[in-house]
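# Structural overview for review
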Amino acid sequence: MTPTITPRRTRALVLLFLAVIGVLLAGAGPASAHAALTGSDPAQGVVVDKAPTQVTLSFSEKVATSADSLRVLDPKGKRVDTGKPSNISGTSYAVQLKSGLPDGTYTVSWQVVSADSHPVAGAFTFSIGAPSQTTVSVSGDTAGGGVVGWLYGFGRYMSYAGFIVMVGGGAFVLACWQRGSGVRPVQRLVVSGWVALTSATLLLLLLRGSYTGTGKVGDVFDLSLLGQVLQTKTGAALVSRLLLLAAAALFIAVLFGAYDKREDDEKRDLTFGLSIGGFVVSAGLAASWAMAEHASTGLQPGIAMPVDVVHLLAVAAWLGGLTALLVALYRSKTPVEAAAVRRFSTVAFGSVLALVATGVYQSWRQLGSWSAFTDTTYGQLLLAKIGLVALLVGIASISRRWTARLADGVVAGPGETADDADGREEASGDEEAAEGAPRRKEPAAARAGAGSAKTASQAVSEAASQAVSHAVSEAVSGSGSGAEGAHDSADSDGSKGSKGSGSLPATGDAEATDDSSESPADSRRAAQLARQRAAVDSARQKRERDADPDRFGLRRSVLAEAGVAVVLLAVTTVLTQTEPGRTEQEAKAATSASSSSSSSSSDSSSGAVTLTMPFNTGGTDGKGVVSVDLDPARVGGNEMHVYVTRTNGRAFDIPEVKVALTLEAKKIGPLPVTPDHVATGHWAASDVQIPMAGDWKVAVTVRTSDIDQVTVSKNAQIG
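Described below are features of the structure shown in this document. What you see is a predicted model, and the numbers here were worked out from it, not measured in a lab.

Moving on to the overall build of the protein. A tally of regular secondary structure across the protein gives 19 helices and 18 strands. Considering the protein as a whole, with its 719 residues, one finds that 48% of them fall into the buried category. Looking at the protein alone, contacts between residues at least 24 apart form 68% of all its contacts between residues at least 6 apart.

This is the structure we're talking about:
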């Protein structure tokens, strides 16, 4: 007998999928933000002779700050910063310090929001005069963690899942199986996708303030935080998503209401209108992610955002349509035509091609090098995602083979197509047997693989049906028993069945309307037995459906695809919260360069100062690192060398470099210095006069194009 997927096995598979999701989301931990700290002044761990007037932090991209984004704490844990952080240049932000700070170890704690909406936090220490003990702990400075972080990650997963199910299910009905607009399980699937996406969007909107700030559950319903969120790019994207979901609700109501009631020949114009409207709403929903996350910042955002929209729509068409097909195959009483399965196979193939094209571009944009695949967390997760996609495509190819066999196995009757015969084959076999008509010829594959199983199941079902019918008739009337028996014998004797079945309705109607002596207990028993008979008929239909090896194989392969898709979606959700490989490598390069320059500048025996500053002009190819060497860093004449490199360490020729020296304590400067270009990425100036000793600010203006330039600065002790 052909095996079936029992409810117990189905529940076990669902629990397994949920367990995998939980492990992936729990293992994600705090969100790995996409802006990285590339430098600071004072640098981490450095000991300075004189108390600085401000603390400056440089990031790999622009960030959003608040009043408490940058805090400086003394050894006793008291704040010594004053005012709000300010953007002094490009991606550098500074906070002023109180004057007259005593010697000791100070802690800099920071928490900001990166340009792609993810929070980033950290802390480091520096010392004035000499290191000392401090009561401040920096181990707990994380962003996006705890209960709020987990709930935010779960909300992101549910929003992606709801979008995929809603958009993909609607597209499956319109493009592949228009009869599905009247199928209740498919309707419930699409509506549940809308509910999940709407609920998750509201949850993310409430959690956003606490997620990027304190991380406390009690702040979730803080209206002041909600007001601040609504003024951010992410808040605007979430509100736009809610407005588009209102339009999506209208689309769903028309699809499963007026559209379903139309005749097939009347649906053509409405199908076109729903397709256009549905595409516009779906693209708008996809854009609400693209304009607030990865694609909105970094390299080529003007290209990356449309590519991201196409990527999300392709995922929805493939995985959402796959989910709708799975529900139709397992839950729908209306058989899915082979033609509908073939149409979805074509849609899925086109979606895979779109995913490959957009995925290659996104991988190049987020990684930047082959080494990032193995050297960064983002690259490793991306390899896992690629492996899951390859597995999914492999299973999909098996489903395509089952689809082809299913189509070839249909035998069409006179005057009907193969598609008509396919639907007729599953729907009308039982009715013909009851009417005594000769059975139609079944597909060869079905007869060969499931003939004996089908015969056995039919025999059991007929016996059960006869027993239930006999019990029902006895519960209603003794005379009805003979009539019901004659009616049941009609399955083997057509003429006899006609005679018996003619007397049953008359008796039943008379008893139902005229016999007032029938007790309530008999009515309840009759209704119970009728439900049992319906259950027996449903089980028989399911056994006959599973007896077709082609359809059974298709259902199993589609179920396997859906299982892999659930895990793939969880990995993708974690991937969107992970720092891109390109950013991670750039941050490591800038941090190592800054550390080396700090160690060299702190070496008093060298008599020279080296200042290294990362920069980002904001244009194409606008990131790099500029280093300034001053030798001997004393009052009088000095020799200056300026080196500009890319983030990967290679020499970088740019149109213009200018330097200015300022002694703010004495209000001297800025003193301009225009170095000469001597080699690729190398500028030099001799006899640079520094009039007096002090803490001089060295500002370097870097221009990478006609319109893209930025000024970065650091302080150096001269004399």
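Residues Glu263, Asp264, Asp265 and Glu266 make up a contiguous surface patch of negative charge. With respect to the helices and strands, the residue Asp264 is situated in the loop between helix H6 (258-261) and helix H7 (267-290).

For the rest of this paragraph, the subject is the packing of aromatic side chains. Counting across every chain of the model gives 11 aromatic pairs. For the pair Trp150 and Phe154, a centre-to-centre distance of 5.6 Å together with 5° between the ring planes defines the contact as stacked. Of this pair, Trp150 and Phe154 both sit in helix H2 (residues 146-175), 4 residues apart, roughly one helical turn. Ring geometry for Phe172 against Phe344: centres 5.8 Å apart, planes inclined by 75°, an arrangement best described as edge-to-face.

Right, let's get into the pattern of salt bridges. According to the stated counting rule, one finds 7 salt bridges in the structure shown. For Asp81, the salt bridge is made with Arg79, and the minimal N-O distance between the two is 2.7 Å. For Asp81, a relative accessible area of 9% corresponds to the buried category. Overlapping salt bridges bring together Asp68, Arg79 and Asp81 as one network.

Moving on, we come to the packing of helix H8 (residues 301-331) against helix H9 (residues 338-367). Look at H8 against H9: their axes get within 8 Å of each other, and the N-to-C directions meet at 150°. Like other packed secondary-structure pairs, H8 and H9 cross with a definite hand, here left-handed. Within the contact of H8 with H9, the residues separate by chemical class into 19 nonpolar, 6 polar and 2 charged.

Structurally, Gly218 is set in the loop between helix H3 (184-212) and helix H4 (223-230). Take Gly218: its relative accessible area is 67%, and that puts it in the exposed class. For Gly218 and Val148, which are 70 residues apart along the polypeptide, the C-alpha to C-alpha distance reads 9.8 Å.

With that settled, the discussion passes to the environment of Ala316. Counting through the fold element by element, Ala316 comes out in helix H8. Its relative accessible area of 0% is what places Ala316 among the buried residues. Residues Ala316 and Val167, spaced 149 residues apart in sequence, show a C-alpha to C-alpha distance of 6.0 Å. Excluding residues that lie within four positions of it along the chain, Ala316 makes contacts with Phe163, Ile164, Val167, Gly168 and Gly321.

There is a patch of nonpolar side chains on the surface, built from Phe272, Ile276, Phe279 and Val280 and spanning about 450 Å² of accessible area. Turning to its location among the elements, Phe279 is positioned in helix H7.

Within a regular strand, side chains alternate between the sheet's two faces. Of all the 11 residues making up strand E8 (residues 104-114), 10 are buried; the element is thus mostly covered by neighbouring parts of the structure. Pairing analysis gives 2 bridges linking strand E4 (residues 63-64) to E8, with the strands arranged antiparallel. Directly across from Ala64, in E8, lies its bridge partner Val113. Taken together, the 4 bridges between strand E5 (residues 70-73) and E8 define a ladder with antiparallel strand orientation. Counterpart to Val72 in the pairing with E8 is Val108. Bridge count between E8 and strand E9 (residues 119-128): 10 bridges; the pairing is antiparallel. Within E9, the residue paired with Thr107 across the bridge is Thr125.

Moving on, we get to the sheet that holds strand E13 (residues 656-663). A sheet is described by the order of its strands in space; here 4 strands give the open sequence E14-E13-E17-E18, paired in antiparallel fashion. Only two strands of the sheet have a single neighbouring strand rather than two, namely strand E14 (668-673) and strand E18 (709-718). Strand-to-strand twist of the sheet, defined as the mean angle between neighbouring strand axes without regard to direction, takes the value 20°. In this structure, strand E17 (residues 694-703) lies alongside E18, joined through 10 bridges in antiparallel fashion. Residue pairing across strands places Trp696 opposite Ala716, the latter belonging to E18.

This part takes up the nonpolar core. One finds Phe163, Met166, Trp177, Leu255, Leu319, Leu325 and Val336 to be the most contacted residues of the largest nonpolar core, which totals 69 residues. Ranked by residues supplied to this core, first place goes to H8 with 15 residues. Once you skip the residues sitting within four places of it in the chain, Leu255 turns out to touch Gly170, Val173, Leu174, Ser181, Asp260 and Leu274. Residues Met613, Val642, Trp683 and Val710 belong to the second largest nonpolar core, which totals 30 residues.

Attention now moves to unusual backbone geometry. Omega for the peptide link from Asp41 to Pro42 comes to 5°, which places this bond in the cis form. Cis geometry is adopted by the peptide bond preceding Pro632, which originates at Asp631 and carries an omega value of 15°. Its location among the elements puts Pro632 in the loop between strand E11 (623-631) and strand E12 (636-645). Phi at Ala633 takes a positive value of approximately 60°, unusual for a residue other than glycine. Considering the arrangement of structural elements, one finds Ala633 in the loop between E11 and E12. Although it is not a glycine, Lys667 adopts a positive phi angle of roughly 55°. Within the secondary structure, Lys667 is located in the loop between E13 and E14.

So, how was this worked out
- Residues numbered from 1 in each chain as written.
- Predicted model: local features only at pLDDT ≥ 70, side-chain atom pairs only at ≥ 80, totals over all residues.
- Heavy atoms only, no water.
- Helix = DSSP H or I, 4+ residues; strand = E, 2+ residues; numbered from the N terminus.
- Buried < 20%, exposed > 50% of the residue type's maximum accessible area, 1.4 Å probe, protein only.
- Contact = heavy atoms within 4.5 Å.
- Patch = residues over 30% accessible without salt bridge, like charges linked within 9 Å, V, L, I, M, F, W, Y side chains within 5 Å.
- Areas by Shrake-Rupley, 256 points an atom, 1.4 Å probe, with all protein chains shown as cover.
- Salt bridge = Lys/Arg side-chain N within 4 Å of Asp/Glu carboxyl O.
- Lys, Arg positive; Asp, Glu negative; His and termini not counted.
- Charge placed at Lys NZ, Arg CZ, Asp CG, Glu CD.
- Phe/Tyr/Trp six-rings, centres within 6.5 Å; stacked < 30°, edge-to-face > 60°.
- Axes fitted to C-alpha atoms, helices over the stretch in contact; angles between N-to-C directions.
- Left-handed = near helix turned anticlockwise from the far one by under 90°.
- Nonpolar A, V, L, I, M, F, W, Y, C, P; charged D, E, K, R; others polar.
- Pairing = 2+ DSSP bridges.
- Core = buried A, V, L, I, M, F, W, Y, C linked by side-chain atoms within 4.5 Å.

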